[in-house]
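Letter by letter, the chains look like this.
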Amino acid sequence: GLRKKEVNVLCLGLDNSGKTTIINQLKPSNTAAQEIVPTIGFNIEKFKSSSLSFTVFDMSGQSRYRSLWEHYYKESNAIIFVIDSSDKLRMVVAKEELDTFLSHEDICNKKIPVLFFANKTDLRDALSSVKVSQMLCLENIKDKPWHICASNAIKGEGLQEGLDWLQDHIK
Ligand code: GTP
Ligand code: MG
């Protein structure tokens, strides 16, 4: 059959936002992990959609590892940025990391798609994806296609919608 196009996706966001849980849900169930632990450094995961073969760099969001993120900007074809919608206290930290990412020399001139997951929408205190989008000032992103999806990574809700969007916007 046809070979699927290979794409690199970089998964970013603060620690505890749900990056690894999301990636684990997207993997074939026979390769999915039973238990998710905080990521040390990063993990590389692979899965396929209908037309693409994804290699995902699932980065640690812990502050001591965030300096690793930029080393993978150049080779990325798309970004998944995960936000814990219930973590109001750290929304400003998430915005700072997003702004630092967007202004990086390897990213600012690149028109790669950025998919945001407003994750943990199942939690009682969770902000809506519209509110998360406002707090992160996503409307200011003019030079890249971006999209935000509400998600519940534990149940897998909202993930396919996001992946479909990403697949349609990767060049
Ligand atoms: P680091 O690897 O430390 O950067 O964290 P991470 O972003 O990979 O987060 P991880 O996937 O390890 O999830 C952190 C915790 O949040 C785990 O206990 C998950 O079970 C939980 N979690 C992830 N997604 C959701 C969600 O949608 N809803 C709820 N309620 N909990 C979630
Ligand atoms: Mg992780």
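**Digging into the coordination of the magnesium ion (ligand 2)**
For the magnesium ion (ligand 2), the full set of protein donor atoms is Thr20 (OG1) and Thr39 (OG1), at a range of 2.0 to 2.1 Å. With Thr20 in helix 1 (residues 19–26) and Thr39 in the loop between helix 1 and strand 2 (42–48), this pair connects stretches of sequence that are 19 residues apart. Under the relative-accessibility criterion, Thr20 is labelled buried at 19%. Since its relative accessible area comes to 9%, Thr39 is described here as buried.

**Focus: the sheet that holds strand 6 (residues 146–151)**
Overall, mixed pairing links the 6 strands, which are arranged 2-3-1-4-5-6 in an open sheet. A single partner strand is all that each edge strand has here, and the edge strands are strand 2 and strand 6. Averaged over all neighbouring strand pairs, the angle between strand axes comes to 20°, with direction disregarded. In this structure, strand 1 (residues 5–12) lies alongside strand 3 (residues 52–59), joined through 7 bridges in parallel fashion.

**Observations regarding the pattern of salt bridges**
Counted by the stated rule, this structure contains 9 salt bridges. Note that Asp87 and Arg90 form a salt bridge whose closest N and O atoms lie 2.9 Å from each other. Three or more residues joined by partner-sharing salt bridges are found here, namely Asp15, Arg66, Asp87, Arg90 and Glu97.

**Some details on the layout of surface pockets**
Space inside the largest pocket adds up to approximately 380 Å³. Lining the largest pocket are 22 residues, and of these Asn16, Ser17, Gly18, Thr21 and Ile36 lie nearest its centre. In terms of residues, the lining of the largest pocket owes the most to one element, helix 1, which gives 3 residues. Broken down by class, the residue content of the lining of the largest pocket amounts to 6 nonpolar, 11 polar and 5 charged.

Rules of the game
Residues numbered from 1 in each chain as written. Chains lettered and ligands numbered in written order. Predicted model: local features only at pLDDT ≥ 70, side-chain atom pairs only at ≥ 80, totals over all residues. Heavy atoms only, no water. Donors = N, O, S within 2.8 Å, 3.2 Å for Na, K, Ca; no water. Helix = DSSP H or I, 4+ residues; strand = E, 2+ residues; numbered from the N terminus. Buried < 20%, exposed > 50% of the residue type's maximum accessible area, 1.4 Å probe, protein only. Pairing = 2+ DSSP bridges. Axes fitted to C-alpha atoms, helices over the stretch in contact; angles between N-to-C directions. Salt bridge = Lys/Arg side-chain N within 4 Å of Asp/Glu carboxyl O. 1 Å grid on protein atoms, 1.4 Å probe; cavity = no way out; pocket = protein on both sides within 12 Å on 5 of 7 lines; lining within 4 Å. Points joined across faces, edges and corners; volume = space filled by probe spheres on them. Nonpolar A, V, L, I, M, F, W, Y, C, P; charged D, E, K, R; others polar.

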